[in-house]
Amino acid sequence: MKFEIWDVHTHLAGVPGATPEERLERLLEYADRVGIARLCVMMGMKWNYDPTPEFMRQSNDEVMRAVKRFPDRAFGFVYLNPKHTQASLDELNRCVRDGPMVGVKLWVALHCNDARLDPIVERATELKTVVTQHCWLKITGNLPGESTPMDLAELAARHPKATFSCIHTGGDWERGIRAIRPYPNIYADINGGDPTAGITEMAVRELGAERVLYGSDAGGRSFSSQLAKVLGANIPDSAKRLILAENTKRILQPILRAKGIKL
Amino acid sequence: MTSFEIWDVHTHLTGVPGSTPEERLPRLLEYADRMGIAKLCVFLGFGRQYDPTPDQLRQHNDEVLRAVRRCPDRTFGFVYLNPKHTQASLDELNRCVRDGPMVGVKLWVAQHCNEPTLDPIVARATELKAVVLQHTWLKITGNLPGESTPMDVAELAARHPRATIICAHTGGDWERGIRAIRPHPNVYADIDGGDPTSGYTEMAVRELGAERVLYGSDAGGRSFASQLAKVLGADIPNSAKRLVLAENTKRILKPILREKGINV
């Protein structure tokens, strides 16, 4: 069975290459091995848990350089830090309103139930962009600012018109899926972690196939191991089609249309 | 993604739901169909005896025989033997391979495979044109008392250069396993089991040649999808993927399949 595949979660880190352009080219080469059509790319060549405004700009510049090289294959998401609210709003305007980016990426600087996220989420929603939030439930304890799916549930309750994705579905997905279940505006991005049988099946059963997104976390994880979660899942092909591309297409459609990008 | 023909050299009836062998194998094939896998090699019955008695061997093999008879176009049985019971193993080999539909031998963890007790079994399997698949692992926590390593397989293969020997799991610790079997062209690396680590298939192809690498899953213990990821995502040419995914297994089974009048 051949499916169209869009990957909602990839990075330039963990990929060889001296420039962002070289790295995205390599990433697309890996994606081609398993027939992935499009990649959403976020964060630059280096990691920073708590980026300064300057680091954010650099990170986003790297992603913009990369996606400008491959505009037909890759979409950029803007990396923000809610601790720097005004700088984040400026960056959102620069990269999304005035630039080619189509989504927001929030990582581990601040728990996402914090009130400082509100203006960012509001502005992202005005711009029709999705807000993707890293979430993990670590048995060894989260990082100080690292969000859980429960934090995201709080944020989503305050912003019912925003579109969120719960990145990694909390890692501990049996709890993560249940935490986001009541909020129809939260999507489960099942990327990262080992390809455990049952993750996709449970997400589809509890959330509906319309709320589950395939992502890989490449270069941190391989495309093929992450695709295995969906391709091997005990769900109908119609559900696989939604997860592998249709859902990501649908949530990106408003901003792609606003930018005049036809699919 | 290019579409490949896929044969899985390593599957089991354990870890699959169903109360009879005839129920379990169709379930396994249902999972295989999700990934487009054409044929499965199946071995070991319902129990997990590390050191089976002759009676238990017969029971295991009867279960596999029942299963593969239900799905003869999609599956091949391998006979489970225990070299500690040499004569019973030879009898079972004759019963299931010479006189039955099975096409390979499966050896697990009863005895290290460098023991001379394996010699008559490997010699007879080779006469019958059956492949010999030996479980191997290199465990940091220590192997089971009779659990073979790829180094044991290398010793066995050196004594039986005309036998076709499959190093199942490539030792788990595949960076050592691949090197241990490398000098012996009659040993094939079955890359099944374990996590889908990037680099595994690439190293096997680089060190052994794509002709000596076999895709297997260890399903129901591991998923077909996660194990296929090792090959489908690998940085190797499509021509190598074709060999690893089906052509090599076909080629090593061809002599016995031809003998049995099975065209593939």
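Predicted model only: the values in this text are computed from it and were never measured. (Residues numbered from 1 in each chain as written. Chains lettered and ligands numbered in written order. Predicted model: local features only at pLDDT ≥ 70, side-chain atom pairs only at ≥ 80, totals over all residues. Heavy atoms only, no water.)

Enquirer: How should the overall build of chain B be read in this particular structure?
Expert: When helices and strands are counted, chain B shows nine helices and eight strands. Overall, the C-alpha framework of chain B stretches about 45 × 40 × 35 Å when taken along its three principal axes. Here chain B, with 264 residues, has 59% of them falling under the buried criterion. Residue pairs in contact within chain B that sit at least 24 positions apart in sequence constitute 75% of those at least 6 positions apart. Accessible surface computed for chain B: about 10000 Å², of which carbon and sulfur atoms make up 48%. Both charge centroids of chain B, one from 33 positive and one from 32 negative side chains, sit 3 Å from each other. (Helix = DSSP H or I, 4+ residues; strand = E, 2+ residues; numbered from the N terminus. Buried < 20%, exposed > 50% of the residue type's maximum accessible area, 1.4 Å probe, protein only. Contact = heavy atoms within 4.5 Å. Areas by Shrake-Rupley, 256 points an atom, 1.4 Å probe, with all protein chains shown as cover. Lys, Arg positive; Asp, Glu negative; His and termini not counted. Charge placed at Lys NZ, Arg CZ, Asp CG, Glu CD.)

Enquirer: Any chance you could explain the sheet that holds strand S6 (residues 164-170) of chain A here in plain terms?
Expert: Picture the strands of a sheet paired through backbone hydrogen bonds; they go either parallel or antiparallel. Residue and element names in this part refer to chain A. The strand order across the open sheet formed by eight strands is S1-S2-S3-S4-S5-S6-S7-S8, and the pairing between neighbours is parallel. Two strands bound the open sheet, and with one partner strand each, they are strand S1 (6-10) and strand S8 (212-213). Inspection of the sheet shows strand S4 (residues 103-106) paired to strand S5 (residues 130-136) by four bridges, in the parallel sense. From the neighbouring strand, Val104 faces S5, where its bridge partner is Val131. Here helix H2 (residues 53-69) sits on the sheet and contacts strand S2 (38-42) and strand S3 (74-80); the angle it forms with S3, its principal contact strand, is near 175 degrees. (Pairing = 2+ DSSP bridges. Axes fitted to C-alpha atoms, helices over the stretch in contact; angles between N-to-C directions.)

Enquirer: How should helix H2 (residues 54-70) of chain B be read in this particular structure?
Expert: Structurally, the α-helix is built with 3.6 residues per turn, so residues lying three or four positions apart point the same way. All names here are of chain B. Here H2 spans 25 Å end to end across 17 residues, near enough to the 24 Å set by a 1.5 Å rise per residue. Here H2 has its buried residues at Leu57, His60, Asn61, Glu63, Val64, Leu65, Ala67 and Val68. Those residues of H2 hidden inside the fold are in contact with helix H1 (21-34), strand S2 (39-42), strand S3 (75-81) and helix H3 (86-98). (Expected span 1.5 Å × (residues − 1).)

Enquirer: Explain the interface of chain A and chain B to me, please; I cannot follow it from the model alone.
Expert: Contact with chain A, which involves 15 residues of that partner, is made by 14 residues of chain B. Contact with chain B buries surface across chain A, with A:Arg33, A:Ser224 and A:Leu231 losing the most and accounting together for 38% of the total. Across the contact surface, chain A and chain B share one salt bridge. Here chain A is connected to chain B by five residue pairs in polar contact (both at pLDDT 80 or more). If one sorts the elements of the side of chain A that touches chain B by residue count, helix H8 (residues 223-231) of chain A sits on top with four residues. Split by residue class, the side of chain A that touches chain B holds five nonpolar, six polar and four charged. (Buried area = accessible area lost by both parts, 1.4 Å probe. Salt bridge = Lys/Arg side-chain N within 4 Å of Asp/Glu carboxyl O. Polar contact = N/O pair within 3.5 Å; in protein donor to acceptor, adjacent residues only side chain to side chain. Nonpolar A, V, L, I, M, F, W, Y, C, P; charged D, E, K, R; others polar.)

Enquirer: Which parts of the structure should I look at to understand the sheet that holds strand S6 (residues 165-168) of chain B?
Expert: Residues and elements named next belong to chain B. With parallel pairing, eight strands are arranged side by side in an open sheet as S1-S2-S3-S4-S5-S6-S7-S8. Across the chains shown, the open sheet's two edge strands, defined by having one partner strand only, are strand S1 (7-11) and strand S8 (213-214). Pairing between S2 and S3: three bridges, direction parallel. Within the sheet, the bridge partner assigned to Val42 lies in S3 and is Gly77. Against the sheet, helix H5 (residues 150-159) contacts strand S5 (131-135), S6 and strand S7 (187-190), and its axis sits at roughly 175 degrees relative to S6.

Enquirer: What is the right way to look at the packing of helix H6 (residues 174-181) of chain B against helix H7 (residues 200-208) of chain B in this model?
Expert: When two helices pack together, their arrangement is given by the angle between their axes and by how far apart the axes lie. All names here are of chain B. At a minimum axis distance of 10 Å, the contact between H6 and H7 shows a crossing angle of 15 degrees. In terms of axis orientation, H6 runs roughly parallel to H7. Where H6 crosses over H7, the two elements pack in a sense that is right-handed. Only Tyr200, Met203, Ala204, Glu207 and Leu208 of H7 make contact with H6, whose side of the interface consists of Trp174, Glu175, Ile178, Arg179 and Ile181. Broken down by class, the residue content of the contact of H6 with H7 amounts to seven nonpolar, no polar and three charged. (Parallel < 35°, antiparallel > 145°, perpendicular 65-115°, else oblique. Left-handed = near helix turned anticlockwise from the far one by under 90°.)

Enquirer: Please explain the pairing of S3(A) as it appears in this structure.
Expert: Residue and element names in this part refer to chain A. The element S3 is largely enclosed, with a buried count of seven among its seven residues. What you see with S3 is no split at all: Ala74, Gly76, Val78 and Leu80 on one side and Phe75, Phe77 and Tyr79 on the other are buried throughout. Where S2 lies against S3, four bridges are found, and the strand directions are parallel. Its bridge partner lying in S3, Val41 is registered against Gly76. Between S2 and its parallel partner S3, the chain crosses via H2, and the hand of that crossover is right-handed. Looking at chain direction, S3 and S4 are connected through four bridges and run parallel. (Right-handed = clockwise from strand over helix to strand, strands pointing away.)

Enquirer: Explain the state of the cysteines to me, please; I cannot follow it from the model alone.
Expert: Here a disulfide denotes a covalent bond joining the sulfur atom of one cysteine to the sulfur atom of another. Within the structure shown, the criterion is met by zero disulfides over all chains. Cysteine A:Cys95 shares no disulfide, and the gap to the nearest cysteine sulfur, in A:Cys40, comes to 15 Å. Left without a disulfide partner, B:Cys167 is nearest to the cysteine sulfur of B:Cys113, which lies 8.1 Å away. (Disulfide = S-S within 2.5 Å.)

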